[in-house]
Amino acid sequence: MSEKDIDAVLVAAKEGPGGRDAVICHRGKLLSIASNARCVLNLKSPNVVVPIDPVTGSPCRTLDALLWSFVGGSPVLNSWQSPKAIPLTSPPADAMAKALKKLGFSFVGPTICYSLMQSCGLIIDHPVGTPEHTAAAGRLAKRKWARGR
């Protein structure tokens, strides 16, 4: 993604349907897409020092391995009593943000990392007693590698 590509996206965002609300309009965030993709590819390089998975003891040479290392390799089913109890970040998200930044990723703060963990199923934050929490608990109970916190 070049500067010319970024400029084209920003112009299209201003003029297109939905205007600025339809597209990311922050130049730095747009540039981070390509930069972060390079960081993902760099994980495979033997010249890059990557975190070690605490469960397997292996270097995290893929984005998948790296992300799962922050939850011990299995989904975490939290037991929040209400939606208001669900945090915006957590110690694993803080650690993930710090590790990603050390590897050169950008726009990866703790809140973004926590949202990523939720959306990818690394952590499950449905409040206890909801149909979603019950269903998730049932699915995870069938898997030997799943655990709750």
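The following paragraphs examine the structure supplied in this document. (Residues numbered from 1 in each chain as written. Predicted model: local features only at pLDDT ≥ 70, side-chain atom pairs only at ≥ 80, totals over all residues. Heavy atoms only, no water.)

## Side note on the nonpolar core
Then step 1. One finds Leu66, Met96, Leu100, Cys113 and Met117 to be the most contacted residues of the largest nonpolar core, which totals 22 residues.
Then step 2. For this core, the secondary-structure elements that each account for two or more residues are helix 3 (63-69), helix 4 (91-102) and helix 5 (110-119).
Then step 3. The contact partners of Leu66, leaving out residues within four places of it in the chain, are Leu43, Pro51, Cys60, Leu100 and Leu103. (Core = buried A, V, L, I, M, F, W, Y, C linked by side-chain atoms within 4.5 Å. Buried < 20%, exposed > 50% of the residue type's maximum accessible area, 1.4 Å probe, protein only. Helix = DSSP H or I, 4+ residues; strand = E, 2+ residues; numbered from the N terminus. Contact = heavy atoms within 4.5 Å.)

## Observations concerning the packing of helix 4 against helix 5
Then step 1. The N-to-C vectors of helix 4 and helix 5 enclose an angle of 110 degrees; their axes lie 8 Å apart at closest approach. Comparing the axis directions of helix 4 and helix 5 gives the class roughly perpendicular. Regarding helix 4 and helix 5, the two cross each other, and that crossing is right-handed. Between helix 4 and helix 5, the contacting residues are Pro92, Ala93, Asp94, Met96, Ala97 and Leu100 on the first element and Pro110, Cys113, Tyr114, Leu116 and Met117 on the second. (Axes fitted to C-alpha atoms, helices over the stretch in contact; angles between N-to-C directions. Parallel < 35°, antiparallel > 145°, perpendicular 65-115°, else oblique. Left-handed = near helix turned anticlockwise from the far one by under 90°.)

## Observations regarding helix 5
Then step 1. For helix 5, the full list of buried residues reads Cys113, Tyr114 and Met117. Projection of helix 5 onto a plane perpendicular to its axis shows the buried side chains occupying an angular sector of 100 degrees, all on one side. Opposite the buried face of helix 5, at more than 90 degrees from it, the exposed residues are Ile112 and Ser119.
Then step 2. Looking at the buried positions of helix 5, the neighbouring elements they touch are helix 4 and strand 2 (123-124).
Then step 3. One or two steps after helix 5, the chain reaches Gly121, where phi turns positive at roughly 80 degrees. (Arc of directions from axis to C-beta.)

## So, the environment of Lys29
Then step 1. Within the secondary structure layout, Lys29 lies in helix 2 (residues 27-42).
Then step 2. Relative accessible area serves as the criterion here: at 39%, Lys29 is assigned to the partly exposed category.
Then step 3. Residues Lys29 and Phe107, 78 residues apart in the sequence, show an inter-C-alpha distance of 6.8 Å.

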